[in-house]
Amino acid sequence: MIRELFLGFIRVHILFHATEGPVYGTELMAELARHGYRIGPGTLYPILHALETAGYLRRTAQVVNGRVRSITGPPGGARLLERAQAQFVELAHEVLRPIGSWERAAPRAPEDAVTI
């Protein structure tokens, strides 16, 4: 169950970065690791493909370090992200209120990372 919960967070994180500009798989894995998620290509790439199939991401052909691939977020991904952000704010106000703060957490140490 916890894996499914964190996969949802990861999807929103991916949409966030893809709406800001082109992203790449290895770059996303490093970014997610910075936030405490250990995610390998066998988990990440199926998520990217599913988001693309659903119309939330677009893959464009660019050669970067000998590889052809760039992922960006089309308007559908931006709209979904806006909805998710509103829900996250509402949820954060409710579930974090008992601990007294919902300030941005510091990046996690590698040994505290959640393996997905």
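Look a little higher up for the structure.
Inspection of every chain in the model, using the stated rule, returns 2 salt bridges. Ionic pairing is found between Arg-34 and Glu-31, a salt bridge with its closest N-O pair at 3.3 Å. Of this pair, Arg-34 and Glu-31 are both found in helix α2 (residues 25–34), 3 residues apart, which corresponds to roughly one turn of the helix. Residue Arg-59 pairs with Glu-52 through a salt bridge whose shortest N-O separation is 3.0 Å. Looking at Arg-59, the relative accessible area reads 36%, which means it is partly exposed. A residue is classified by how much of its surface remains accessible, and Glu-52, at 26% relative accessible area, is partly exposed.

Definitions and cut-offs
- Per chain, residues are indexed from 1 in the order of the written sequence.
- For a predicted model such as this one, the threshold for reporting local features is a pLDDT of at least 70, and the threshold for listing and counting side-chain atom pairs is 80 or more; totals across whole chains, interfaces and linings nevertheless cover every residue.
- Note that the side-chain values use all heavy atoms of the structure and ignore hydrogens as well as water.
- Salt bridge, as used here, is a side-chain nitrogen of Lys or Arg placed within 4 Å of a carboxyl oxygen of Asp or Glu.
- We count a stretch as a helix when DSSP gives it H or I for four or more residues in a row; a strand needs E for two or more, and each element gets its number in order from the N terminus.
- Whether a residue is buried, partly exposed or exposed follows from its accessible area with a 1.4 Å probe, protein chains only, as a fraction of its type maximum: under 20%, in between, or over 50%, in that order.

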